[in-house]
Amino acid sequence: MSDEDDRRIEALIHDVVRDFRETAHTTGVSAPDQRLVEALRRVPRNEFVPGAAARSAWENRALPIGQGQTISQPFVVALMTQLLALTPESRVLEIGTGSGYQAAILAELAGEVFSIEVVPELAETASATLERLGYRDVHVRAGNGRDGWPEAAPFDAIIVTAGADEIPPALVEQLRTGGRLVIPVDAQWTGQDLFVGVKQEDGSLKKRRALSVIFVPLIGGDAGHGHR
Ligand code: SAH
């Protein structure tokens with residue numbers, strides 16, 4: 001990478017660190033872990049953003065990735081990742097592969113990553129990008145993420161990167177006891193509340209609200225949720 005790239009990356013990290021500080025009163029996290037900062041430095045976000053938008057890859061904002069979808073804002077990627085409390089042994093499930101960028105960040109910090117994307121073209125492109133960049137411990141499949149990935153369960157952590165109307169029960173089932181779920185759930189008026197939940201011994205999820213966020217919708221709900 002050029003000096004110019006280095007300068008842009010450090011400017012992005014600076015913005016992300018500032019956003020952590022400014023939202024700490026609701027997130028409970030005052031700064032990103034050093035390992036997470038290293039992951040943000042290492043994963044080339046420009047490789048995950050197609051076309052002209054790649055020029056803006058090092059800006060702290062969401063960008064279009066085609067099919068009407070977006071790659072999330074780096075701060076939000078970082079915060080959600082931090083809330084998962086990953087270790088190098090963690091097995092992680094992501095719903096909403098999109099560009100594959102979040103999956104790459106997870107792969108830098110965890111042992112194995114499983115990611116589901118409902119738009120087949122996006123799943124294919126993300127899978128190819130991850131392979132080209134050498135991320136061998138990321139498994140991408142096309143499908144409805146609301147059902148989770150039962151054959152690979154249980155997971156230590158599950159992250160949903162689209163706005164859900166409710167917490168899909170299959171995802172809580174596929175979490176191990178003590179495992180964490182980070183998910184944006186539709187708020188009353190606009191956007192979503194980002195929740196972080198920990199699965200309890202009795203199978204329930206103990207959750208708290210971390211932040212207000214705006215994601216594209218998680219599609220393919222049950223009959224009766226016909227507006228999606
Ligand atoms: N994590 C992505 C950004 C996600 S944008 C990244 O790093 O680039 C949200 C993604 O969720 C979109 O690609 C959208 O197609 C996908 N999605 C929406 N509903 C879904 C569902 N039910 N199952 C799996 N993926 C879904």
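Residues numbered from 1 in each chain as written. Predicted model: local features only at pLDDT ≥ 70, side-chain atom pairs only at ≥ 80, totals over all residues. Heavy atoms only, no water.

### Concerning the side chain of E117
Let me state the cut-off plainly: Only runs of H or I of at least four residues qualify as helices and only runs of E of at least two qualify as strands under DSSP, and these elements are numbered from the N terminus. Only protein chains enter the area calculation, which uses a 1.4 Å probe; residues under 20% of their type maximum are buried, those over 50% are exposed, and those in between are partly exposed. Charged residues are defined narrowly, with Lys and Arg counted positive, Asp and Glu counted negative, and His plus the chain ends left uncounted. Take a side-chain nitrogen of Lys or Arg and a carboxyl oxygen of Asp or Glu: if they are within 4 Å of each other, that pair is a salt bridge. In the analysis that follows, any N or O atom pair within 3.5 Å is treated as a polar contact, provided that within protein one partner can donate a hydrogen and the other can accept it, and provided that, for residues neighboring in sequence, both atoms belong to side chains. For this analysis, residues touch if any pair of their heavy atoms sits within 4.5 Å.
Tracing the backbone shows E117 in strand β4 (residues 112-117). For the buried E117, no salt bridge exists, and the shortest N-O distance to an oppositely charged side chain is 12 Å, to R146. Here G98 takes part through its backbone nitrogen, which lies 2.8 Å from a polar atom of the side chain of E117. A distance of 2.9 Å separates the side chain of E117 from the backbone nitrogen of V119, its partner in a polar contact. In this view, E117 contacts G96, T97, G98, L122, A123, R141, A142 and G143; residues no more than four positions away in its chain are not counted.

### What about the site of the ligand?
Short version of the rule: We call a residue near a given molecule or strand whenever any one of its heavy atoms falls within 4 Å of it.
Around the ligand, a shell composed of 27 residues is seen, among which S99, E117, N144, G145 and I219 lie nearest. At 2.6 Å from an oxygen atom of the ligand is found a side-chain nitrogen or oxygen belonging to S99. Between the ligand and E117, the relevant distance is 2.6 Å, taken from an oxygen atom to a side-chain nitrogen or oxygen of the residue. Broken down by element, the residue count for the shell around the ligand peaks at three residues, all from strand β2 (residues 69-71).

### Quick look at the pattern of salt bridges
In this structure the tally under the stated criterion is 15 salt bridges. With a shortest N-O distance of 3.2 Å, D19 and R18 are connected by a salt bridge. Note on R18: relative accessible area 28%, which makes it partly exposed. Here the salt bridges share partners, and the residues they tie into one network are E4, D5, R7 and R8.

### Quick word on helix α4 (residues 101-109)
α4 sits mainly inside the fold: seven of its nine residues count as buried. Of the residues making up α4, those classed as buried are Y101, Q102, A103, A104, I105, L106 and L109.

### Remarks on the packing of helix α2 (residues 34-42) against α4
Test applied: Axis angles are defined between N-to-C directions and span 0 to 180 degrees, where every axis is a line fitted to C-alpha atoms and, for a helix, only to the segment in contact. In this scheme, roughly parallel covers angles under 35 degrees and roughly antiparallel covers those over 145, while 65 to 115 is roughly perpendicular and the rest are oblique. For any pair of crossing helices, the crossing counts as left-handed if the nearer helix is rotated counterclockwise from the farther one by less than a right angle, and right-handed if it is rotated clockwise. Under the scheme applied, nonpolar residues are Ala, Val, Leu, Ile, Met, Phe, Trp, Tyr, Cys and Pro; charged residues are Asp, Glu, Lys and Arg; polar residues are all the others, including Gly.
Relative orientation of the contacting elements α2 and α4 amounts to 130°, with a least axis distance of 9 Å. On the basis of their axis angle, the class for α2 and α4 is oblique. Crossing of α2 against α4: the hand is right-handed. When α2 is examined against α4, the residues R35, L36, A39, L40 and R42 are found in contact with a partner set consisting of Y101, I105, E108 and L109. The class makeup of the residues in the contact of α2 with α4 is six nonpolar, no polar and three charged.

### Observations concerning the packing of aromatic side chains
Stated formally: When the centres of two rings from Phe, Tyr and Trp lie within 6.5 Å, Trp using its six-membered ring, the rings pair. Their planes under 30 degrees apart give stacked, over 60 give edge-to-face, and anything left gives tilted. Charge over a ring is defined by NZ of Lys or CZ of Arg lying within 6 Å of the ring centre and within 35 degrees of the ring normal.
The final tally for this structure, using the stated rule, is four aromatic pairs. Through a chain of ring-to-ring contacts, three or more aromatic side chains come together here, namely F114, W149 and F155. Sitting over the face of the ring of Y101, R45 holds its NZ or CZ atom 5.7 Å from the ring centroid. One residue, R141, lies across the ring of W149, its end atom 4.3 Å from the ring centre.

### Here we look at the pairing of strand β9 (residues 205-213)
Defined as follows: Here the rule is simple: two strands pair whenever DSSP picks up at least two bridges between them.
Inspection of the sheet shows strand β8 (residues 192-199) paired to β9 by eight bridges, in the antiparallel sense. Its bridge partner lying in β9, G197 is registered against K207. The antiparallel pairing of β8 with β9 creates a hairpin that spans five residues between the two strands, and G203 there sits at a positive phi of about 90°.

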